[in-house]
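So you can see what is in the structure, the chains are spelled out below.
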Amino acid sequence: MNEEIVYGRNAVWELLQSGKPVNKLLFQSEGTGGRFQDMVSHARGQQIPFQFVDKVALDRLTEKAKHQGVLAYASPREYAEVEDILALAKEKEEDLFILVLDEVEDPHNLGALIRTADAAGVHGVIIPKRRSVSLTSTVAKTSAGAIEHVLVARVGNLVQTLKDLQKAGCWVSGAEAGGTEVYRSDLTGPRVIVVGSEGKGLSRLVKETCDEIISLPMRGQINSLNASVAGSILLYEVVRQRSGK
């Protein structure tokens, strides 16, 4: 069995009751009721993403095991709260340094960015609960162990979270083409770096919430970089500027 997948009504219900982090639930679209309704209510209450799919999809995911119409994707580690990230910066007596990922869907990009976040001294990474890759075994493997050292929080409303961080004294810098060249921006002080999805970049509301838009200079024929590469460069520009302050 894939280590991230739990299936069967009793097994999934026990997982939910345990309080362990669950990335997503899949329910068979036909024949739901009883315990399923309890699980759906629990998912709604805990803001766990869920979806109804046909039996064929569940058969494929479980290799035709006895799934009883329900499957859960369990996270390989616990998620942190945003408050934990703020507390860590306070404990270290450092200006807040946070990486926010807006709908990044590639687990390799998330893993690579968590690895860079650890190396750069980022206090925490924030991802949305929906339309984003979650913590998976692929993310853990790509992070080369950094997943065990970096606080990763998952939030239901990314825009509101950014507004809360602004109220906490952070300046929010979103990464997208057409902004101020990053080497001309002052990235010292409490800082949130926001990196958008691989294809669409920053979502509209997230972009509008940012205090500034920063860009990497592109001198060649290619006009964009992989999300993990761009994010890593930006994180280390923060490190460089802080070191020279």
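Just above, that's the structure.
Residues numbered from 1 in each chain as written. Predicted model: local features only at pLDDT ≥ 70, side-chain atom pairs only at ≥ 80, totals over all residues. Heavy atoms only, no water.

S.K.: How do you make sense of the overall build of the protein chain when you look at a structure like this?
M.R.: Along the backbone of the protein chain there are 9 helices and 10 strands. Taking 2.2 N^0.38 as the reference for a compact globule, 245 residues should give roughly 18 Å; the C-alpha atoms of the protein chain span a radius of gyration of 19 Å, in line with that estimate. Each of the three principal axes of the protein chain carries a C-alpha extent, and together these read 60 × 45 × 35 Å. Sorting the 245 residues of the protein chain into buried and exposed places 49% on the buried side. Partitioning the contacts of the protein chain with sequence separation of at least 6, the portion at a separation of at least 24 is 80%. Summed over its atoms, the accessible surface of the protein chain is roughly 12400 Å², and 47% of this surface lies on carbon and sulfur atoms. Treating the 29 positive side-chain charges of the protein chain as one cloud and the 31 negative ones as another, the clouds have centres 3 Å apart. (Helix = DSSP H or I, 4+ residues; strand = E, 2+ residues; numbered from the N terminus. Rg over C-alpha atoms; globule rule 2.2 N^0.38 Å. Buried < 20%, exposed > 50% of the residue type's maximum accessible area, 1.4 Å probe, protein only. Contact = heavy atoms within 4.5 Å. Areas by Shrake-Rupley, 256 points an atom, 1.4 Å probe, with all protein chains shown as cover. Lys, Arg positive; Asp, Glu negative; His and termini not counted. Charge placed at Lys NZ, Arg CZ, Asp CG, Glu CD.)

S.K.: Can you help me understand the side chain of His67 in this one?
M.R.: Structurally, the position occupied by His67 is in the loop between helix 3 (55–61) and strand 4 (70–74). When near neighbours in sequence (up to four residues on either side) are disregarded, His67 contacts Tyr7, Gly8, Arg9, Gln28, Lys55, Leu58, Asp59 and Thr62.

S.K.: Looking at this structure, how should I read the environment of Asp38?
M.R.: Within the element layout of this structure, Asp38 appears in helix 2 (residues 35–46). Put simply, Asp38 and Trp13 are 25 residues apart on the chain and 8.8 Å apart in space, counted from C-alpha to C-alpha.

S.K.: How should I be thinking about the sheet that holds strand 2 (residues 22–28) in this particular structure?
M.R.: By definition, the strands of a sheet pair up through backbone hydrogen bonds, in either a parallel or an antiparallel sense. Taken in spatial order, the 4 strands of this open sheet run 1-4-2-3, and their pairing is mixed. Because the sheet does not close on itself, it has two edges, and the strands there are strand 1 (5–7) and strand 3 (50–53). On average, each strand axis in the sheet is tilted by 20° relative to the strand beside it, whichever way the strands run. Relative to strand 3, strand 2 is paired through 4 bridges, and the arrangement is parallel. Opposite Leu26, over in strand 3, you have Gln51 as the bridge partner. The strands touched by helix 1 (residues 9–18) are strand 1, strand 2 and strand 4; relative to strand 4, the strand with the most contacts, the crossing angle is about 40°. (Pairing = 2+ DSSP bridges. Axes fitted to C-alpha atoms, helices over the stretch in contact; angles between N-to-C directions.)

S.K.: Could you clarify how one ought to interpret the pattern of salt bridges in this entry?
M.R.: Under the criterion given, the structure shown has 8 salt bridges. Asp59 is the partner of Lys55 in a salt bridge, and the nearest nitrogen-oxygen pair spans 3.0 Å. You can see Lys55 and its partner Asp59 sitting in helix 3, 4 residues apart, about one turn around the helix. The exposure class assigned to Lys55 is partly exposed, which follows from its relative accessible area of 40%. Accessibility expressed as a relative area gives 15% for Asp59, which makes it buried. When salt bridges that share partners are traced, they join Glu103, Arg131 and Lys200 into one network. (Salt bridge = Lys/Arg side-chain N within 4 Å of Asp/Glu carboxyl O.)

S.K.: What exactly am I supposed to notice about the nonpolar core here?
M.R.: Within soluble globular proteins, side chains that are nonpolar tend to cluster in buried spots. Leu99, Leu101, Leu110, Ile114, Val125, Leu135 and Ile193 are the most contacted members of the largest nonpolar core, which totals 32 residues. Of all the elements in the fold, those that place two or more residues in this core are strand 5 (97–101), helix 5 (107–120), strand 6 (124–128), strand 9 (191–195) and helix 9 (227–243). Excluding its chain neighbours within four sequence positions, the residues that come into contact with Leu135 are Asn23, Ser75, Pro76, Arg77, Tyr79, Leu110, Ile114, Ile147 and Val152. Val82, Ile85, Leu158 and Cys210 belong to the second-largest nonpolar core, a separate cluster that totals 21 residues. (Core = buried A, V, L, I, M, F, W, Y, C linked by side-chain atoms within 4.5 Å.)

S.K.: Explain unusual backbone geometry here, please?
M.R.: Leaving glycine aside, a negative phi is the common case for residues, and trans is the common case for peptide bonds. One non-glycine residue, Glu63, adopts positive backbone phi at about 55°. Structurally, Glu63 can be placed in the loop between helix 3 and strand 4. A relative accessible area of 72% means that Glu63 is categorised as exposed. One non-glycine residue, Arg131, lies in positive phi territory at about 55°. Structurally, Arg131 is set in the loop between strand 6 and helix 6 (137–142). Of the residues examined, Arg131 reaches a relative accessible area of 57% and is grouped as exposed.

S.K.: Explain the packing of helix 5 against helix 9 to me, please; I cannot follow it from the model alone.
M.R.: For any two helices packed against each other, one specifies the crossing angle of their axes together with the interaxial distance. At a minimum axis separation of 9 Å, helix 5 and helix 9 run at an interaxial angle of 10°. Between helix 5 and helix 9, the interaxial angle falls into the category roughly parallel. Across the interface between the two elements, Asn109, Ala112, Leu113, Thr116, Ala117, Ala119 and Ala120 of helix 5 pack against Ala227, Ser228, Gly231, Ser232, Leu235, Tyr236 and Val239 of helix 9. Of the residues that constitute the contact of helix 5 with helix 9, the class distribution is 9 nonpolar, 5 polar and no charged. (Parallel < 35°, antiparallel > 145°, perpendicular 65-115°, else oblique. Nonpolar A, V, L, I, M, F, W, Y, C, P; charged D, E, K, R; others polar.)

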